[in-house]
Amino acid sequence: MSMSTIGIIGAGNIGRAIAQTLARNGIAVTLSNSRGPNSLRTTAAEIGPLVTAGTREEAAAKDIVFVAVNWSKLPDALAGLPSFGGRIVIDANNPIEAPLFKPAELGGRASSEIFADLVPGARVVKAFNHLLAQLLATDPASNGGKRVLFYSGDNADAKAAVGALIERLGFFGIDLGSLAVGARLTQFPGGPLPALNLVKFG
């Protein structure tokens, strides 16, 4: 089976941490932001040769697309991209941002359900949003166990693909079910699971 191509939209702390984790495991990735590839060449070079600075469109064209952008900037970051055509988009966002850390108004929906409206045609999986960036970027082997990563989504095949990627990166993945259920559990603020550094033993 050929390895999926991977892109990242958003090069803040979480986007960079994901790029570091992928590169450490020998996985090539295209990293993008709103300011264009030239603004990322130094960052990409610092992470390593497997990271390419690309345009938003180049990152969005990959088989698996991570999105890690400040909540208020998500609509602009995703505007004008072609339909995702059934490809997997990983929602690594939280409906809150510095400096005020005031929760976004979600109208009673899970943030991933709102996110899904911004990525037409995508199979959305919520993951990589509940750990702090420095934990995402470091080796998930911890005290003889594996650091836990939660994921959720409404498409079984997409979740299986993300679960396999999580395992390949050395984490222990736990499927929390549908977006309506699982995404709420890991959503920050409000969910019980964000920022917990859990380790699976045995």
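See above for the structure.
Residues numbered from 1 in each chain as written. Predicted model: local features only at pLDDT ≥ 70, side-chain atom pairs only at ≥ 80, totals over all residues. Heavy atoms only, no water.

Undergrad: It is not clear to me how the overall build of the chain should be interpreted in this structure. Could you clarify?
TA: Per the secondary structure count, the chain includes eight helices and 10 strands. For 202 residues, the compact-globule estimate of 2.2 N^0.38 gives 17 Å, and the chain sits close to it at 16 Å. For the chain, the spread of C-alpha atoms along the three principal axes comes to 40 × 40 × 40 Å. Residues classed as buried in the chain amount to 49% of the 202 residues present. Taking all contacts inside the chain whose residues are at least 6 apart in sequence as the whole, residues at least 24 apart take part in 68%. (Helix = DSSP H or I, 4+ residues; strand = E, 2+ residues; numbered from the N terminus. Rg over C-alpha atoms; globule rule 2.2 N^0.38 Å. Buried < 20%, exposed > 50% of the residue type's maximum accessible area, 1.4 Å probe, protein only. Contact = heavy atoms within 4.5 Å.)

Undergrad: Teacher, can you tell me more about the pattern of salt bridges here?
TA: A side chain with one charge may pair with a side chain of the opposite charge, provided their charged atoms come close. Under the counting rule described, the total for this entry stands at five salt bridges. As a salt-bridge pair, D175 and K159 come within 3.0 Å of each other at their nearest N and O atoms. Placement of the pair is D175 in strand β9 (residues 172–175) and K159 in helix α7 (residues 156–168), with a sequence separation of 16 residues. A relative accessible area of 10% means that K159 is categorised as buried. (Salt bridge = Lys/Arg side-chain N within 4 Å of Asp/Glu carboxyl O.)

Undergrad: What is the right way to look at helix α5 (residues 111–118) in this model?
TA: At 3.6 residues per turn, the α-helix brings residues three or four places apart onto the same side. Burial in α5 covers these residues: S111, S112 and F115. Taken down its axis, α5 places every buried residue within 90° of arc, on the same side. Residues of α5 that are buried sit in contact with β4 (64–67), α4 (74–78), β5 (88–91), β6 (123–127) and α8 (179–186). (Arc of directions from axis to C-beta.)

Undergrad: Sorry, what's going on with helix α1 (residues 13–24) here?
TA: Counted at 1.5 Å a residue, the expected span for α1 with its 12 residues is 16 Å, and the 16 Å between its end C-alpha atoms agrees. Just past α1, the residue G26 takes up positive phi, approximately 75°. (Expected span 1.5 Å × (residues − 1).)

Undergrad: Explain the nonpolar core to me, please; I cannot follow it from the model alone.
TA: Generally speaking, a soluble globular protein has its nonpolar side chains buried in company with each other. If you look at the biggest cluster of nonpolar residues, it comprises 38 residues, and the most contacted ones within it are I18, L22, F66, F128 and L136. Top element by residues in this core is α1. It accounts for six residues. Beyond its immediate chain neighbours, meaning those up to four positions away, L22 contacts I6, I8, I27, V29, F66, L165 and L169. The next biggest cluster of nonpolar side chains, apart from the first, holds 21 residues, and it includes V65, V89, L106 and V119. (Core = buried A, V, L, I, M, F, W, Y, C linked by side-chain atoms within 4.5 Å.)

Undergrad: Would you explain the pairing of β6 in this entry?
TA: Across a regular strand the side chains alternate sides, sitting on one face of the sheet and then on the other. Along β6, four of the five residues are buried, which leaves the element largely enclosed by surrounding structure. Where β5 and β6 come together, four bridges link them in parallel fashion. Among the inter-strand pairings, I88 is bridged to a residue of β6, identified as R123. Running through α5, the crossover from β5 to the neighbouring parallel element β6 is right-handed. As paired elements, β6 and strand β8 (residues 145–153) share three bridges and run antiparallel to each other. Note on β8: the bridge partner recorded for A127 is Y151. (Pairing = 2+ DSSP bridges. Right-handed = clockwise from strand over helix to strand, strands pointing away.)

Undergrad: Would you explain the packing of aromatic side chains in this entry?
TA: In this description, a pair of aromatic rings is defined by centroid distance and the angle of the planes. Taken as a whole and judged by the stated rule, the model has one aromatic pair. Taken together, a centroid distance of 5.0 Å and an interplanar angle of 85° make the contact between F66 and F128 edge-to-face. Separated by 62 residues along the polypeptide, F66 in strand β4 and F128 in the loop between β6 and α6 (133–137) bring together distant segments of the chain. Take F128: its relative accessible area is 2%, and that puts it in the buried class. (Phe/Tyr/Trp six-rings, centres within 6.5 Å; stacked < 30°, edge-to-face > 60°.)

Undergrad: I tried to follow the environment of L198 on my own but got confused; where do I start?
TA: Its location among the elements puts L198 in the loop between α8 and β10 (199–200). Taking relative accessible area as the criterion, L198 reaches 34% and is therefore assigned partly exposed. Remark: the alpha-carbon pair of L198 and N38, spanning 160 residues in sequence, is separated by 37 Å. Residues within four places of L198 in sequence aside, it is in contact with K146, R147, V148 and F150.

Undergrad: Would you mind showing me how to read unusual backbone geometry here?
TA: The bulk of non-glycine residues show a negative phi, and the bulk of peptide bonds are trans. A cis amide bond links F188 with the next residue in sequence, P189, at an omega value of 5°. Position of P189 among the secondary structure elements: in the loop between α8 and β10. In this structure, F101 is a non-glycine residue whose phi angle is positive, near 55°. Looking at where F101 falls in the secondary structure, it is placed in the loop between β5 and α5. Backbone geometry at F128 places phi at a positive 65°, although glycine is not the residue there.

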